[in-house]
Amino acid sequence: MSELKLSPSRSFGLVCGSLETGRTNSITDIEGLSIGHLTVNAGDLRTGFTAIVPHQGNLFREKLVAAVEVINGFGKSAGLVQVEELGTLETPVLLTNTFAVGNGVNALIRRAISENPEIGRSTGTVNPVVLECNDGYLSDIQAMALGEAEADAALSAASSDCAQGSVGAGTGMSAFGFKGGIGTASRVLELDGGPFTLGALVLANFGKPGDLVLPDGRRPHPKDKYPEEERGSVIVVLATDVPLESRQLKRVAKRAGAGLARLGAHYGNGSGDIALAFSTAQRISHFEERDFIVRDCLREGRIDLLFQAAAETTQEAVLNAMISSPAMRGRGRSKRPSLADWLRAR
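What comes next concerns the included structure. Quick caveat: nothing in here was measured; it's all calculated off a predicted structure.

## Topic: the environment of Ile293
Part 1 of the reasoning: Relative to the elements of secondary structure, Ile293 occurs in the loop between strand S12 (272–285) and helix H6 (304–323).
Part 2 of the reasoning: With 178 residues separating them in the primary sequence, Ile293 and Glu115 have C-alpha atoms 25 Å apart.

In structure tokens, the structure reads:
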């Protein structure tokens, strides 16, 4: 076993599942995948962008197989209809707050056109993917403070390091009455004698206070009283280097819901719970000239391993997001306590 990085949750003895973690226990254990953040934390603003760049090539020309699972559709994300229909991903993925989706879309379109001047001219348009949660409790979302420049900054900052907690899109997010944010985890899979990886990155902004269940059975509850309704959202992005069809990726994406359920989530009426999954194993040429193409595909009888990894990484990534986030005060008199402080006091 290689030397592994201890995740925030594991530093408190909280272990999700039984599969071995990747080297850094991060979605960036997928070779070539990078993450960037742009964080705004000043005055009444607690917001930002997080960028997921699946590979370092031209993503429009070399698309990836992808799928989406809408667990509960109370959300305003962009680009999911085409992912569902065509089963491909052709831009980086941006995470942000609800009112910044439009500027994220524009930033991705402009970047794609700068790399591919033929877009919208001699070839089709481009499908930007921007996913969102509402950070309006801690942040002044009406200020609409995030523009295209901030989205570009997150994309330009992408690297193999994956900061967690109150960074990027996770800056103003809440989960189960505690401070939420960005979290990640990974698992190593043995298939045909070789190691493969599945990683998750979550934007955790969901869960009713008192519903959180830790892997050891404890049920943390913040001291402050909060509304009883479930009003939030969670975005789960799953990436793997296992070759999969879009249909198989959708099946894997569904298992993100199992990881959320282990935490005590029930996907409330006001919650936008969305899972996006993609594979970096094989690239699909935009300008393919052949009528038939051949791609590898996982044998269906082995897919349970990926289902388990999706559930485990989703569960752990949410806990890592919460534990990495210190207590925060935001707009007006709003505040969220830290799950890490609750754990240290026990």
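Resuming the write-up.
## Some remarks on helix H2 (residues 101–115)
Part 1 of the reasoning: With 15 residues, H2 should reach 21 Å at 1.5 Å per residue; the first-to-last C-alpha distance of 21 Å fits that figure.
Part 2 of the reasoning: The inward-facing, buried residues of H2 abut strand S2 (45–53), strand S5 (93–97), strand S6 (129–133) and helix H3 (148–156).

## Thoughts on the pairing of strand S11 (residues 233–240)
Part 1 of the reasoning: The buried fraction of S11 amounts to eight of the eight residues, a majority that puts the element mostly inside the structure.
Part 2 of the reasoning: Side chains Ser233, Ile235, Val237 and Ala239 of S11 all project onto a buried face; the interleaved residues Val234, Val236, Leu238 and Thr240 project onto the opposite face, where all are buried too.
Part 3 of the reasoning: Of the pairings in the sheet, the one linking strand S10 (residues 194–205) to S11 comprises eight bridges and is antiparallel in character. Bridging across to S11, Leu201 finds its partner in Val237.
Part 4 of the reasoning: Pairing of S11 with S12 involves eight bridges; the strand directions are parallel. Residue pairing for S12: Val234 is matched across the bridge by Asp273.

## Overview of the sheet that holds strand S9 (residues 181–191)
Part 1 of the reasoning: A sheet is described by the order of its strands in space; here six strands give the open sequence S4-S3-S12-S11-S10-S9, paired in mixed fashion. Each having just a single partner strand, strand S4 (88–89) and S9 make up the two edges of the open sheet.
Part 2 of the reasoning: Of the pairings in the sheet, the one linking S9 to S10 comprises eleven bridges and is antiparallel in character. Across the sheet, the residue bridging to Ser186 is Gly199, located in S10.
Part 3 of the reasoning: Packing against the sheet, helix H4 (residues 246–254) makes contact with strand S3 (62–73), S10, S11 and S12, and its axis sits at approximately 40 degrees to S3.
Part 4 of the reasoning: H6 rests against S9, S10 and S11 of the sheet, and its axis sits at about 155 degrees to S9.

## Notes on the packing of aromatic side chains
Part 1 of the reasoning: Scanning the entire structure with this criterion turns up one aromatic pair.
Part 2 of the reasoning: Note on Phe176 and Phe206: the rings are 5.1 Å apart at their centroids and 65 degrees apart in plane angle, and the pair reads as edge-to-face. Of this pair, Phe176 sits in the loop between strand S7 (174–175) and strand S8 (178–179) while Phe206 sits in the loop between S10 and S11, and the two are 30 residues apart along the sequence. Each member of the pair, Phe176 as well as Phe206, is classed as buried.
Part 3 of the reasoning: Just above the ring of Phe60 sits the side chain of Lys63; from NZ or CZ to the centre is 4.0 Å.
Part 4 of the reasoning: We note Arg336 situated over the ring of Tyr137; from NZ or CZ to the ring centre the distance is 3.9 Å.

Reading guide: rules and limits
Residues numbered from 1 in each chain as written. Predicted model: local features only at pLDDT ≥ 70, side-chain atom pairs only at ≥ 80, totals over all residues. Heavy atoms only, no water. Helix = DSSP H or I, 4+ residues; strand = E, 2+ residues; numbered from the N terminus. Expected span 1.5 Å × (residues − 1). Contact = heavy atoms within 4.5 Å. Buried < 20%, exposed > 50% of the residue type's maximum accessible area, 1.4 Å probe, protein only. Pairing = 2+ DSSP bridges. Axes fitted to C-alpha atoms, helices over the stretch in contact; angles between N-to-C directions. Phe/Tyr/Trp six-rings, centres within 6.5 Å; stacked < 30°, edge-to-face > 60°. Lys NZ or Arg CZ within 6 Å of the ring centre and 35° of its normal.

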